[in-house]
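Listed below, chain by chain, are the residues.
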Amino acid sequence: MSLKTTPTKFSELSGTTNSKNPLGGSLVRLLKAVPGVIEYELSRSFKPARIAMFLMMILIPTALLISVAYQVPEQLKNDQQTNLVFSMLLYALVPQILTMLAMLVLASPIVHTEIEGQSWIYSLVRYQGRRALLLGRYFVAVLWTSCAGVVVTSISVPFLPLNQPLQTWGTISLLCILASLAYGALFALIGVLFQKRVMVISFLYALVVEGVLAWLPAVINQLTIAYRLRSILFRWVGLDSDRLFQSNELVQNGMVATDPTGWVQIVWVLAISAGLLAIALWLVETIQYSFQSEL
Amino acid sequence: MPTGESREFSKSKWKGSCNQFMENLFDFQSLSLMYGTVVGVNDLQLSLPKGAYALIGPNGAGKSTLIGLITGSLRPTLGSLSVLGENPRRSSTFQQRIGVCPATELLVHGVTSKQWLVLLIRMCGWSKRLANQRADEVLEQVGLADARNQCIHTYSLGMRQRCKLAQAIAHEPELLILDEPFNGLDPIGRHQMGDLLIDWAKSGKSLLLASHVLHEVERITDSFLLIFGGRLLASGTTGELRRLLADLPQDIIIQSETTDRLASLLAEKPWIRALHRDKQANRLVLTVDSPMKLYDALANWASSGTVSIKRISGSDGDISTLFKLLISRHRGERAYRNTGAHS
């Protein structure tokens with residue numbers, strides 16, 4: 001068509017590069033943007049629905065733990081085995097189930113809700129916007145979930161028959177934070193990878209891998225987050241002497257790491273979290289999501 | 001009808017601005033995007049200097065896909081593109097140079113426009129203090145200063161559109177991209193939005209406006225890109241497009257008291273493709289290959305008293321008619337059947 005302008009050759013273009021970014025490099029801008037997202041998400045979080053969910057997250061496991069504790073006969077309350085059982089129960093209910101499910105609900109749909117809510121485009125057209133959004137919402141999810149876990153632990157521990165309540169409280173609280181970080185990163189990655197039925201996929205993953213594989217007496221259980229968290233629990237709560245630790249059935253079946261301290265497992269959990277999060281951050285900028293109707 | 005000078009002028013104007021800034025707004029090299037077997041954008045080859053452009057096309061024409069490519073949210077299947085001299089998907093500085101106002105409804109709940117704007121400005125790497133300051137400024141600019149602490153979901157459609165525009169211009173981009181900004185707006189809202197965009201274009205910054213509301217677009221810019229089926233049908237200024245319109249085959253209705261004489265004269269002309277005489281209404285319905293030649297001939301015959309002409313109806317040269325003509329030509333139809341012509 002005669003009206004078209006003549007295409008200019010790229011070689012004819014000069015000065016095509018833009019001026020230096022006045023707002024700093026990639027990492028600096030990301031670090032500047034993430035607090036903005038956290039602040040925004042937190043301000044949105046203090047709404048009746050979220051507070052109600054938070055209260056449910058606290059009340060149900062707390063009520064369950066205290067009601068079970070009241071069923072224990074008085075003579076068994078100081079028993080080593082009872083201590084271990086209640087430590088395990090507290091661990092299973094709080095860092096394992098509560099934290100995992102809460103992170104599943106909060107971290108899995110980070111991308112999906114943005115696409116569904118037609119707001120993905122706004123972060124997409126901002127440099128590091130997607131990463132800032134993912135990181136910001138991840139940290140808010142971690143904050144809410146670990147807070148809920150620590151509150152449940154803090155309320156429940158005084159009512160439970162535990163020989164070392166303070167140590168148990170500290171360990172379980174730490175496990176809540178570690179579990180939030182690790183499961184949050186895992187579910188955020190699943191949310192970045194899958195655009196449809198992300199909650200179902202996350203739930204199936206949690207059930208099959210963290211629920212079943214983690215309890216198989218095989219090397220494969222070492223690939224799960226639950227294995228690492230459980231190992232910290234066994235080292236720091238209930239089985240604090242090496243004799244008790246080595247003689248435990250779970251330890252003998254290879255379902256708990258035999259490191260002399262729990263610190264190695266903490267490093268493992270943090271490394272897994274950082275690795276999963278790094279992959280999610282890389283993918284979220286790379287994947288071309290189907291949101292064409294948005295534009 | 002525009003003269004040849006206007007066509008040349010616009011070309012030299014575009015060329016001149018190329019040389020002046022040494023950086024084109026868009027450079028598309030065989031740009032194509034496929035959704036599986038469906039063509040989204042088909043072999044676009046275009047270079048445009050900085051300026052304000054309207055991207056015109058019906059639904060499904062490929063406007064949004066092209067915007068997706070321009071913003072870097074979509075990856076071309078074939079070819080390459082450069083926007084403001086940068087590759088949208090590879091440049092680390094590109095996103096801060098563009099502002100995008102999407103067509104979709106703004107569905108943000110429980111958040112005030114200021115909170116939302118501050119978030120989006122901070123996402124660009126601005127500090128909290130500057131983001132707050134800038135959010136206030138830009139809300140003032142779009143006329144939402146009084147409603148800044150009101151939740152977005154309580155806004156009217158027009159206010160939400162202005163809020164979308166505010167986020168697009170908040171980080172002071174060089175290029176503003178708007179997809180159907182007039183959607184759902186009442187006449188006052190349309191006028192206000194038009195004024196805002198006119199101001200933007202006058203400020204010397206670049207603008208790409210995708211719309212099918214043609215008269216509002218004509219108010220804002222006189223440079224058009226007509227797109228259909230993922231292909232660029234035409235591009236140019238209003239003057240150039242009107243000239244193109246005059247060169248395209250179209251239907252013309254002539255009311256005359258001398259229809260017999262006029263019909264016999266016209267029947268001899270090679271550029272008359274079809275001629276229908278409606279004796280009772282005293283009118284001729286013509287399909288003309290070259291309307292400019294017809295107008296010349298009619299002027300000659302009328303001035304010499306050979307025929308008398310009461311009224312000529314036909315394509316009035318507006319962009320809507322042109323677009324229909326171009327689509328018609330794109331589809332391979334020989335002449336556009338002018339149903340909506342007015343005198």
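Remember, predicted model here, so these are calculated numbers, not experimental data. (Residues numbered from 1 in each chain as written. Chains lettered and ligands numbered in written order. Predicted model: local features only at pLDDT ≥ 70, side-chain atom pairs only at ≥ 80, totals over all residues. Heavy atoms only, no water.)

Trainee: Sorry if this is basic, but what is going on with the sheet that holds strand E9 (residues 231–237) of chain B here?
Mentor: Two strands in a sheet stick together by hydrogen bonds in their backbones, pointing the same way (parallel) or opposite ways (antiparallel). All names here are of chain B. Reading across the sheet, the 6 strands line up as E5-E6-E7-E3-E8-E9 and stay open at both edges, with mixed pairing between neighbours. The open sheet terminates on both sides in strands that have one partner only, identified here as strand E5 (98–101) and E9. The sheet shows a mean angle of 15 degrees between the axes of neighbouring strands, taken without regard to direction. The pairing of strand E3 (residues 52–56) with strand E8 (residues 223–228) spans 3 bridges and is classified as parallel. Bridge assignment links Ile56 to a residue of E8, and that residue is Leu226. Its contacts with the sheet put helix H2 (residues 63–71) on E3, E5, strand E6 (175–179), strand E7 (206–211) and E8, and the angle it makes with E6 is roughly 150 degrees. Along the sheet face, helix H6 (residues 187–202) touches E3, E6 and E7 and points at about 145 degrees away from the line of E7. (Pairing = 2+ DSSP bridges. Helix = DSSP H or I, 4+ residues; strand = E, 2+ residues; numbered from the N terminus. Axes fitted to C-alpha atoms, helices over the stretch in contact; angles between N-to-C directions. Contact = heavy atoms within 4.5 Å.)

Trainee: I'm lost on the side chain of Arg162 of chain B in this one. Help?
Mentor: Residues and elements named next belong to chain B. In this fold, Arg162 is placed in helix H5 (residues 157–169). Using a relative accessible area of 18% as the deciding quantity, one classes Arg162 as buried. The contacts of Arg162, once residues within four sequence positions are left out, are Val142, Gly143, Leu144, Gln192, Met193 and Leu196. (Buried < 20%, exposed > 50% of the residue type's maximum accessible area, 1.4 Å probe, protein only.)

Trainee: Looking at this structure, I do not really get the pattern of salt bridges. What am I missing?
Mentor: Where charged atoms from two side chains of opposite charge come close, those side chains can pair. Residues and elements named next belong to chain A. Counted according to the given criterion, the structure contains 18 salt bridges over all chains. As a salt-bridge pair, Arg44 and Glu41 come within 3.9 Å of each other at their nearest N and O atoms. Pair noted here: Arg44 and Glu41 are both in helix H1 (residues 26–45), with a separation of 3 residues, about one helical turn. Since its relative accessible area comes to 29%, Arg44 is described here as partly exposed. In this structure, the salt-bridge partner of Glu285 is Arg130, at a minimum N-O distance of 3.3 Å. With a gap of 155 residues between them, Glu285 in helix H12 (residues 263–286) and Arg130 in helix H6 (residues 129–156) connect regions that are remote in the sequence. For Glu285, a relative accessible area of 19% translates into the label buried. Under the relative-accessibility criterion, Arg130 is labelled buried at 10%. A single salt-bridge network, built from bridges that share partners, covers Glu41, Arg44, Glu114 and Arg137. (Salt bridge = Lys/Arg side-chain N within 4 Å of Asp/Glu carboxyl O.)

Trainee: Got a minute to help me understand the confidence of the model for chain B in this structure?
Mentor: Residues shown with low pLDDT carry predicted positions that ought not to be read at fine detail. On average, residues of chain B score 80 in pLDDT, and 83% of them reach the 70 mark or higher. Contacts of residues 338–343 of chain B to residues separated by more than four positions or lying in other chains number 10 contacts, the stretch itself having pLDDT below 50. (pLDDT = per-residue confidence, 0-100.)

Trainee: Would you explain the sheet that holds strand E13 (residues 311–313) of chain B in this entry?
Mentor: Residues and elements named next belong to chain B. Taking strand neighbours across the sheet as the criterion, the 4 strands line up as E11-E12-E10-E13 in an open arrangement whose pairing is antiparallel. Only two strands of the sheet have a single neighbouring strand rather than two, namely strand E11 (272–278) and E13. Adjacent strand axes in the sheet meet at a mean angle of 20 degrees when their direction is disregarded. Packing of helix H9 (residues 259–267) onto the sheet brings it into contact with strand E10 (250–255), E11 and strand E12 (283–288), and relative to E11 it is tilted by some 165 degrees. This element, helix H10 (residues 291–304), spans E10, E11, E12 and E13 of the sheet and lies at about 20 degrees to E10.

Trainee: Would you take a moment to explain the packing of aromatic side chains for this structure?
Mentor: Aromatic ring pairs: the centre-centre distance and the angle between the two ring planes describe each pair. All names here are of chain A. This model, assessed by the stated rule, comprises 8 aromatic pairs over all chains. Taking 5.1 Å as the distance between ring centres and 75 degrees as the angle between the ring planes, the aromatic pair formed by Phe54 and Trp144 counts as edge-to-face. Here Phe54 is found in helix H2 (residues 48–71), whereas its partner Trp144 is found in helix H6, with 90 residues between them in sequence. A relative accessible area of 17% places Phe54 in the buried class. The rings of Phe46, Phe54 and Trp144 are connected pair by pair, giving a single aromatic cluster. One Lys or Arg, Arg228, reaches over the ring of Trp268 and ends 4.2 Å from the middle of that ring. (Phe/Tyr/Trp six-rings, centres within 6.5 Å; stacked < 30°, edge-to-face > 60°. Lys NZ or Arg CZ within 6 Å of the ring centre and 35° of its normal.)

Trainee: What should I look at first to understand the nonpolar core in this one?
Mentor: Soluble globular proteins: nonpolar side chains tend toward being buried together. With 167 residues, the main nonpolar core has Tyr183 and Phe187 of chain A together with Trp116, Leu197 and Leu208 of chain B as its most contacted residues. The element contributing the most residues to this core is helix H7 (residues 165–193) of chain A, with 15 residues. Contact partners of Leu208 of chain B, with chain neighbours within four places excluded, come to Phe26, Tyr53, Leu55, Ile67, Ile70, Leu175, Leu176, Ile177, Leu178 and Leu225 of chain B. Counting residues in hydrophobic clusters, the runner-up holds 16 residues, among them Leu262, Trp271, Leu284 and Val307 of chain B. (Core = buried A, V, L, I, M, F, W, Y, C linked by side-chain atoms within 4.5 Å.)

Trainee: Teacher, can you tell me more about the environment of Val307 of chain B here?
Mentor: Positionally, Val307 of chain B belongs in the loop between H10 and E13. Remark: the alpha-carbon pair of Val307 of chain B and Thr259 of chain B, spanning 48 residues in sequence, is separated by 8.2 Å.

Trainee: Explanation requested: the pairing of E12 of chain B in the structure shown.
Mentor: Here is the key point about a regular strand: its side chains alternate between the two faces of the sheet. Residues and elements named next belong to chain B. Relative to E12, E10 is paired through 6 bridges, and the arrangement is antiparallel. Looking across to E12, one finds that Ile252 is bridged to Leu286. In this sheet, E12 lies alongside E11 in antiparallel orientation, the contact comprising 6 bridges. Opposite Ile272, over in E12, you have Val288 as the bridge partner. Hairpin connection, E11 to E12: the antiparallel pair is bridged by 4 residues, and Asn282 has positive phi, about 55 degrees.

Trainee: In this structure, what is going on with the pairing of E6 of chain B? I would like to understand it.
Mentor: All names here are of chain B. Within E6, 5 of the 5 residues are buried, which leaves the element mostly enclosed by the surrounding structure. The two faces of E6 match: Leu175, Ile177 and Asp179 on one face and Leu176 and Leu178 on the other face are all buried. Pairing geometry for E5 and E6, over 4 bridges, is parallel. Bridge assignment links Cys101 to a residue of E6, and that residue is Leu178. Bridge count between E6 and E7: 5 bridges; the pairing is parallel. Directly across from Asp179, in E7, lies its bridge partner Ala210. Taking the sense of rotation as the criterion, the β-α-β connection linking E6, H6 and E7 turns out right-handed. (Right-handed = clockwise from strand over helix to strand, strands pointing away.)

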